[in-house]
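Tertiary structure, described
Listed below are the residues making up each chain.
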Amino acid sequence: MEAAVFILALVDCCALIFLSVYFIITLSDLECDYINARACCSKLNKWVIPEMVGQCLSTMLMLVSMHWFIFLLNLPVAAWNFYRHIKVPMGNTGVFDPTEIHNRGQLKSHMKEAMIKLGYHLLCFFIYLYSMILALIND
């Protein structure tokens, strides 16, 4: 059972790594003017909810399976994703808004956030991989 939990968490983490890389590539395309702001924000906003669901799934999986350290490691990122989605101002199209993405350095902060999430998900990937191998050996 424990190995199945970590296998599912590993698959979820791979999907979140893919999403982080997708966010970085799309934001860098916008930074280099390969795509316009509306197309970029439209592409990114449709993946905000799946990212939040994936992170919450991983967090709840660790809570239910009573892996407290990994749960506490996942909780701040899940809370941040939820907070970021809730705090979208009225009138904006989503977390990524085409009218504001070039204002006040939002593009740089979104890029920095995507890089930090990529590093975090890579760290989690190796923690889940180690835990899965350990669970398979102990079974």
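Going by the structure above, here's the rest.
Predicted model only: the values in this text are computed from it and were never measured. (Residues numbered from 1 in each chain as written. Predicted model: local features only at pLDDT ≥ 70, side-chain atom pairs only at ≥ 80, totals over all residues. Heavy atoms only, no water.)

The N-to-C vectors of helix α3 (residues 48–64) and helix α5 (residues 106–138) enclose an angle of 35°; their axes lie 14 Å apart at closest approach. At the point where α3 passes α5, the crossing takes the left-handed sense. Seen from α3, the contacting residues are E51, Q55, S58 and M62; seen from α5, they are K117, Y120, H121 and Y128. Of the residues in the contact of α3 with α5, the class split is 3 nonpolar, 3 polar and 2 charged. (Axes fitted to C-alpha atoms, helices over the stretch in contact; angles between N-to-C directions. Helix = DSSP H or I, 4+ residues; strand = E, 2+ residues; numbered from the N terminus. Left-handed = near helix turned anticlockwise from the far one by under 90°. Contact = heavy atoms within 4.5 Å. Nonpolar A, V, L, I, M, F, W, Y, C, P; charged D, E, K, R; others polar.)

This part takes up the layout of surface pockets. Taken as a whole, the largest pocket spans an internal volume of roughly 280 Å³. As for the largest pocket, its lining consists of 16 residues, of which R84, K87, V95, Q106 and H110 are closest to the centre. Counting only elements with at least two residues in the lining of the largest pocket, the list comes to α4 (68–86) and α5. At 4 residues, the largest contribution of residues to the lining of the largest pocket is made by α5. Considering only residue class, the lining of the largest pocket consists of 5 nonpolar, 5 polar and 6 charged. (1 Å grid on protein atoms, 1.4 Å probe; cavity = no way out; pocket = protein on both sides within 12 Å on 5 of 7 lines; lining within 4 Å. Points joined across faces, edges and corners; volume = space filled by probe spheres on them.)

A word on the environment of G54. Structurally, the position occupied by G54 is in helix α3. For the pair G54 and I7, spaced 47 residues apart in sequence, the C-alpha separation works out to 14 Å. Excluding residues that lie within four positions of it along the chain, G54 makes contacts with D12 and L16.

This part covers the pattern of salt bridges. Summed over all chains, the structure comprises 5 salt bridges. Between R84 and E51 there is a salt bridge, with its nearest N and O atoms 3.3 Å apart. Note that R84 is positioned in helix α4 and E51 in helix α3, a separation of 33 residues in sequence. The exposure classification of R84 matches that of E51, with both residues buried. Residues E113 and R84 are paired through a salt bridge, measuring 2.7 Å at the closest nitrogen-oxygen approach. Taken together, the residues E113 in helix α5 and R84 in helix α4 connect sequence positions 29 residues apart. When sorted by exposure, E113 lands in the same class as R84, which is buried. One connected set of salt bridges, linked through shared partners, spans E51, R84, E113 and K117. (Salt bridge = Lys/Arg side-chain N within 4 Å of Asp/Glu carboxyl O. Buried < 20%, exposed > 50% of the residue type's maximum accessible area, 1.4 Å probe, protein only.)

In this structure, D33 is a non-glycine residue whose phi angle is positive, near 60°. Mapped onto the secondary structure, D33 falls in the loop between α1 (2–31) and α2 (37–45). Look at M66: it is not a glycine, yet its phi comes out positive at around 60°. Here M66 shows up in the loop between α3 and α4. Judged by relative accessible area, M66 falls into the exposed class, the value being 57%.

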